[in-house]
Structure formats: structure tokens, C-alpha cells
Amino acid sequence: MSTPPAGCVSLGDGVLVADSTMAGYPGMNGVFLIPGARPALIETGTALSVARTRAALDAFGLAPGDLGWIIVTHVHLDHAGGAGALSRAFPAAKVVVHPFGARHLADPARLEASARRVHGALLDRVYGSMTPVDGARIQAAEDGARIDLGDRELRILHTPGHAPHHLVVLDAGTGVLFTGDAAGVRVDGMRSARPACPPPHFDRDAAVASMRRMAELRPARIVLTHFGDPGDPAAFLADAEDRLQRWCTVAERSADDGLEAELLRRFAAEEGMPADDPERFAVMGGFESNAAGLRHWLRTRNEERE
Ligand SMILES: [Zn+2]
């Protein structure tokens, strides 16, 4: 396609991204359309971004019966929050999710309660409320599962660490790998990847193993949900692992109540986080939620060792 439809930007290889403009900011959270005989959406944005995504798909010319697949990399609300509403708008689409996430899509109450503990008042303003997905439409994808778009095939790979219900999606023909949050986050304006280690399930060893697994695939490109193509996949993944390890080392050496300040002191300037726009960088994997996730990881690990 030469000109992408209104509301979409072409990422090349046929991939379009509809920017969900999460919390009102562009360049933060992507919803990806993979064209084909049975097109697929990868990610759904938040519940609050569904109208914007529908308008973009409409401009693309996608009729309600045309969408074959809605794939979520994991069931956090910035990735799967729109799954219920979009599945109703596109009644032929199967909703693909990690087996550990399937029941949360069918009944999002526990997920929302957990998100409210993490995000507090931000939940209503930034994420919105999830609509359940009809259980008959949900397809729990095992590691290695293949998603048939007719003239294009996507492969699902389980990549726990950020969360146990995380998967990534490889576009087999083009080698483009959609990494969700498994390779970290680099929104517009940041120089480097920020680790994404939120509570309550971040696990460093699993996250590192997943990063190495992604590198071993030798993807031609990677696409971050937050946000877009960060360039050389091998270099980006190596840097992302290095930074994650450094954050975890800082967490191991810091006092619980000083961890957030310590992370900010060491890493904010290095990332290029401007002091005059802190909210944009706090909404997406902010230092506060990362510090909480790291503390939770350390506590869980120490309990297991006792
Ligand atoms: Zn995310």
C-alpha cells in the first residue's frame, strides 16, 4: 500500500500501526494491523482507545466480518483492554492469548482489581473499563502456535518475564517480531530501552531467557508496542538485557523504600527523560511501578529461598 489510511502509519512490510494516543500522548502505545486474506490485529490498546482503533480500521476499509484475528501479547490493560469491545465490533475474529491469560479476557474483574492496585486513580483516566470476551471466541495459543492469515503466517512464542502470560508474535515471511513488552519500552523521546518490570509477576530470570530467545530468532526487525521499530534488533535486545540486569542489580542493593529514587538518579538522565515532561514518561512503565515490581520480585524470590 502506498498511502496508509487516516489514523494509521506504515511501518513497512505491510504492517500498519494505529497509534492509540494513550493518555492523550502520541508515540506511546501501538495497535498493529497485519493485512492478509484474514487480517490480524496485534494488541488492542486500552478500552478507552477502541473508538480510535475502529476509525482507523474503517479508514483501511475493513468491514466488520473481515478481521480474522485479534492477538494480545499479554493481558495488561494497555495491550488487551480493548479486546472485548473490538471482538464485538469484529464478530468473525478469534481472540488469541497466552493460555494463562485466557480466563482473564473472559472475566476481567480480577485483572481490573489488580490493575487498580497498581495504577490507582490513573486507571479510569488512562485505561478505562474492559468488556469481557465471549469464551467461545478465545483461542489459547501454545508455544509455537501458527496463526493463518491465508497468505501470511504468524508464529506465537511464549516469552514470560514481564508477565507469565506474555507471548511475542513473529511474522514468519518478513521476519518482523512484535515484542509486546518483553524487550522493554522505548517511547518517542527516549534514547534507550527502559526495562518493563511491573508488579505483580515480573521475573528477571524468565525475562532474560525470553530476551535471549528473541535474539536467537534473529528477527529482521522488531516492533515494540511502546513504541515502534527501535532499529538494529540484535543491538537493541542486547542493550535491553544489559539495562534490565543493571536495574535488577540496583534493586538487589537498594533499600526497599529508596529504590525508586535510586533508579531515577541512576537512569533517568541516561534515558534522556526530560525533567519538564515527567507525566508522559510515568504513564508508560514509570519508575514507580517498576520499583514496585522489582521489590515484589525480590520478596518472592527470597521467600522461595527460605
Ligand atoms: Zn505495556
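It should be noted that the structure appears before, not after, this text.
Here we summarise the structure given alongside this text. Nothing here was measured: the structure is a model prediction, and the numbers come from that model.

Our focus in this paragraph is the overall build of the protein chain. Per the secondary structure count, the protein chain includes 11 helices and 12 strands. A compact globule built from 306 residues should have a C-alpha radius of gyration of about 19 Å, and the protein chain, at 18 Å, falls within 12% of that. Along the first, second and third principal axes, the C-alpha set of the protein chain runs to 55 × 40 × 40 Å. For the protein chain, the accessible area works out to roughly 12500 Å², and carbon and sulfur atoms hold 50% of it. The averaged location of the 40 negative side-chain charges in the protein chain is 1 Å from the averaged location of its 32 positive side-chain charges.

A word on the sheet that holds strand β1 (residues 8–12). As summarised here, the arrangement of the seven strands in space is β1-β2-β3-β4-β5-β6-β7, forming an open sheet in which the pairing is mixed. Each of the sheet's edge strands pairs with one partner strand only, and the pair in question is β1 and β7 (138–140). Across the sheet, the mean angle separating the axes of adjacent strands is 25° when strand polarity is ignored. Sheet topology note: the strand β6 (residues 94–97)/β7 ladder contains three bridges and is parallel. Among the inter-strand pairings, V96 is bridged to a residue of β7, identified as Q139.

All told, the structure shown has 18 salt bridges when counted by the stated rule. With a closest N to O distance of 2.7 Å, E270 and R243 form a salt bridge. Taken together, the residues span a long stretch of sequence, with E270 in helix α9 (residues 259–271) and R243 in helix α8 (residues 233–253) at a distance of 27 residues. E270 sits in the partly exposed class, given a relative accessible area of 31%. Several salt bridges share partner residues, and in doing so they unite R204, D205, E252 and R301 into one network.

Before going further, it helps to examine the coordination of the zinc ion. Each protein donor to the zinc ion is listed here as D78 (OD), H79 (NE2), D181 (OD) and H226 (NE2); together their distances run 2.0 to 2.2 Å. In this structure, the zinc ion is surrounded by four donor atoms whose angles at the metal cover 87 to 161°, and the resulting shape is irregular. Spacing between the donor residues of the zinc ion along their common chain follows D-H-x101-D-x44-H. Of this pair, H79 sits in helix α2 (residues 77–80) while H226 is found in the loop between β12 (221–224) and α8, placing the two residues 147 residues apart along the sequence. Comparing H79 with H226, the two get one shared label, buried.

Here the focus is the nonpolar core. Ranked by internal contacts, the top residues of the largest apolar core, which has 76 residues, are L105, L263 and L294. Per-element accounting of this core gives the leading share, eight residues, to α8. Once you skip the residues sitting within four places of it in the chain, L263 turns out to touch W247, V250, A268, F287, A291 and L294. Counting residues in each nonpolar core, the second largest holds 21 residues, with L11, V17, I42 and V176 among its members.

A regular strand places its side chains so that they alternate between the two faces of the sheet. In terms of residue burial, strand β3 (residues 30–34) counts as a mostly covered element, since five of its five residues are buried. Residues G30, F32 and I34 point to one face of β3 and V31 and L33 to the other, with burial holding for every one of them. Pairing between strand β2 (residues 15–19) and β3: four bridges, direction antiparallel. Bridge pairing links D19 to G30 in β3. Bridge analysis of β3 against strand β4 (residues 40–42) gives three bridges, and the strand direction is antiparallel. Its bridge partner lying in β4, I34 is registered against A40.

Bringing the packing of α8 against helix α11 (residues 287–305) into the picture now. At a minimum axis separation of 10 Å, α8 and α11 run at an interaxial angle of 65°. One way to sum up the angle between α8 and α11 is to call them roughly perpendicular. In this structure, α8 meets α11 at a crossing whose hand is right-handed. Contacts between α8 and α11 involve W247, C248, A251 and E252 on the former and, on the latter, F287, N290, L294, W297, L298 and R301. Looking at the contact of α8 with α11, its residues break down into seven nonpolar, one polar and two charged.

Before going further, it helps to examine helix α7 (residues 204–216). Taking 1.5 Å as the rise per residue, α7 with 13 residues should run 18 Å; its terminal C-alpha atoms sit 18 Å apart, in good agreement. When α7 is considered as a whole, its buried residues turn out to be R204, A206, A207, V208, S210, M211 and M214. Residues of α7 that are buried make contact with β10 (167–171), β11 (176–180), α8 and α11. Of the residues one or two after α7, R218 is the one with positive phi, at around 50°.

The rules we used
Residues numbered from 1 in each chain as written. Predicted model: local features only at pLDDT ≥ 70, side-chain atom pairs only at ≥ 80, totals over all residues. Heavy atoms only, no water. Helix = DSSP H or I, 4+ residues; strand = E, 2+ residues; numbered from the N terminus. Rg over C-alpha atoms; globule rule 2.2 N^0.38 Å. Areas by Shrake-Rupley, 256 points an atom, 1.4 Å probe, with all protein chains shown as cover. Lys, Arg positive; Asp, Glu negative; His and termini not counted. Charge placed at Lys NZ, Arg CZ, Asp CG, Glu CD. Pairing = 2+ DSSP bridges. Axes fitted to C-alpha atoms, helices over the stretch in contact; angles between N-to-C directions. Salt bridge = Lys/Arg side-chain N within 4 Å of Asp/Glu carboxyl O. Buried < 20%, exposed > 50% of the residue type's maximum accessible area, 1.4 Å probe, protein only. Donors = N, O, S within 2.8 Å, 3.2 Å for Na, K, Ca; no water. Tetrahedral: all angles 85-135°; square planar, octahedral: opposite > 155°, others 65-115°. Core = buried A, V, L, I, M, F, W, Y, C linked by side-chain atoms within 4.5 Å. Contact = heavy atoms within 4.5 Å. Parallel < 35°, antiparallel > 145°, perpendicular 65-115°, else oblique. Left-handed = near helix turned anticlockwise from the far one by under 90°. Nonpolar A, V, L, I, M, F, W, Y, C, P; charged D, E, K, R; others polar. Expected span 1.5 Å × (residues − 1).

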